[in-house]
Amino acid sequence: MKGFLIKDYRLLLAQRNLLVIFPIGIIFMFTNDTPVMGISYSLYVLVFICTSLLSYDTFDNGMTHLMTLPGGRKNYVTAKYAFTILNASLAALLLSTIGSVLELSRGHGIPSVQETYIGTLMLYALALSFAFIILPIQLKYGPEKSRIVMLILFAAVFLGGMLVSFLSEKLHLNPDVFMNRLNQLSLGAIAVMVVLLAALFTIISWCISQKIMSKLEF
């Protein structure tokens, strides 16, 4: 797995996009009332770049060569997940620290710092969930076809949301009741719930990716 991680880090460092992501994210942090937008932008773009490196592995039958290396398919998949989690974790820690210092310099006090760290934790969990939706799809359909699948998936989610809204009106269900109960929870409790759900989702996604990878032919 170490060899796969070294390969991915070499590819990541060669990405010029990295020279743009964090400066733009930090600009967003300084130009908005809260640093959340800049943190969200940086995390989502970073995990997207991490998952997009799969296209380099499949280029010019590269996957056939990679599978001849020590480690095999299982370690390859595990390395992809570990690579994304590690980079997102380091970025979240760095960005939340910068955001907290910025909040203190604005005189917002300790509560704002706590909200920044908790908000970053939630964004971190959601960004990883987004990444781990993409990875199994890319493994299954390849970089090109996966874009079409992702568009279909997002369209299905959008239509599903409209259907839920329609049924709620027809069945006279009040979503405000659920939202009021959610608002009664503390921000920390919501963050813990999001992280636990993201952890469960990561395990499920990893298992799916392992199964897909075991059946692929190169």
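Here the structure is a predicted model, which is why all the values come from computation and not from measurement. (Residues numbered from 1 in each chain as written. Predicted model: local features only at pLDDT ≥ 70, side-chain atom pairs only at ≥ 80, totals over all residues. Heavy atoms only, no water.)

Colleague: Would you mind going over the packing of helix 1 (residues 2-13) against helix 6 (residues 72-105) with me for this structure?
Modeller: Each pair of packed helices gets described by two things: the angle between the helix axes and the distance between those axes. Taken N-terminus to C-terminus, the directions of helix 1 and helix 6 make an angle of 45°; their axes are 9 Å apart at the nearest point. Classified by the interaxial angle, the pair formed by helix 1 and helix 6 is oblique. You can see that helix 1 and helix 6 cross each other, and the crossing is right-handed. Residues F4, L5, K7, D8, Y9 and L12 of helix 1 touch helix 6, and the partners they reach there are G72, N75, Y76, A79, K80, F83, L86 and N87. Tallied by class, the residues present in the contact of helix 1 with helix 6 amount to eight nonpolar, three polar and three charged. (Axes fitted to C-alpha atoms, helices over the stretch in contact; angles between N-to-C directions. Helix = DSSP H or I, 4+ residues; strand = E, 2+ residues; numbered from the N terminus. Parallel < 35°, antiparallel > 145°, perpendicular 65-115°, else oblique. Left-handed = near helix turned anticlockwise from the far one by under 90°. Contact = heavy atoms within 4.5 Å. Nonpolar A, V, L, I, M, F, W, Y, C, P; charged D, E, K, R; others polar.)

Colleague: What is the right way to read the packing of aromatic side chains from this model?
Modeller: Remark: the centre distance and the inter-plane angle together describe each pair of aromatic rings, the angle taken between the planes. Under the definition given, this model contains five aromatic pairs. Ring geometry for Y9 versus F83: centroids 4.8 Å apart, planes at 75°, classification edge-to-face. Of this pair, Y9 sits in helix 1 while F83 sits in helix 6; the two residues are 74 residues apart in sequence, bridging distant segments of the chain. By relative accessible area, Y9 is classed as partly exposed at 25%. Look at F83 and you get buried, because its relative accessible area is 0%. (Phe/Tyr/Trp six-rings, centres within 6.5 Å; stacked < 30°, edge-to-face > 60°. Buried < 20%, exposed > 50% of the residue type's maximum accessible area, 1.4 Å probe, protein only.)

Colleague: What is the right way to look at the packing of helix 3 (residues 36-52) against helix 6 in this model?
Modeller: Packing of helix 3 against helix 6 leaves a shortest axis separation of 10 Å and a crossing angle of 160°. Between helix 3 and helix 6, the crossing angle belongs to the class labelled roughly antiparallel. With respect to the hand of their crossing, helix 3 and helix 6 are arranged in right-handed fashion. Where helix 3 approaches helix 6, its residues I39, S42, L43, L46, V47, C50 and T51 are matched on the opposing element by F83, T84, N87, A88, A91, A92, L95 and S96. Grouping the amino acids of the contact of helix 3 with helix 6 by side-chain chemistry returns 10 nonpolar, five polar and no charged.

Colleague: Honestly, helix 3 in this entry has me stumped. Any pointers?
Modeller: Each turn of an α-helix holds 3.6 residues, which means side chains three or four residues apart point in the same direction. Compared with an ideal rise of 1.5 Å per residue, which puts 17 residues at 24 Å, helix 3 spans 24 Å between its outermost C-alpha atoms and is within 8% of the ideal. Taken together, the buried positions of helix 3 are G38, I39, S40, S42, L43, L46, V47, I49, C50 and T51. (Expected span 1.5 Å × (residues − 1).)

Colleague: Explain the nonpolar core here, please?
Modeller: Most often, soluble globular proteins have nonpolar side chains that are buried together. Judged by nonpolar contacts, the single largest core of 35 residues is most densely connected at L43, M63, Y76, L139 and M213. If you list the elements that add at least two residues to this core, you get helix 1, helix 2 (18-31), helix 3, helix 5 (62-66), helix 6, helix 7 (110-170) and helix 9 (187-215). With 10 residues, the top contributor of residues to this core is helix 6. By size, the runner-up hydrophobic cluster in this structure holds six residues, among which are I190, A191, V194 and A198. (Core = buried A, V, L, I, M, F, W, Y, C linked by side-chain atoms within 4.5 Å.)

Colleague: What is the right way to read the pattern of salt bridges from this model?
Modeller: In a structure, side chains of opposite charge can pair up when their charged atoms sit close to one another. According to the stated counting rule, one finds two salt bridges in the structure shown. Here D8 ties to K7 by a salt bridge, and the two come within 2.6 Å at their closest N and O atoms. As far as burial versus exposure is concerned, D8 and K7 are alike and both buried. D8 is the partner of K80 in a salt bridge, and the nearest nitrogen-oxygen pair spans 3.2 Å. Here K80 is found in helix 6, whereas its partner D8 is found in helix 1, with 72 residues between them in sequence. Looking at D8, the relative accessible area reads 1%, which means it is buried. (Salt bridge = Lys/Arg side-chain N within 4 Å of Asp/Glu carboxyl O.)

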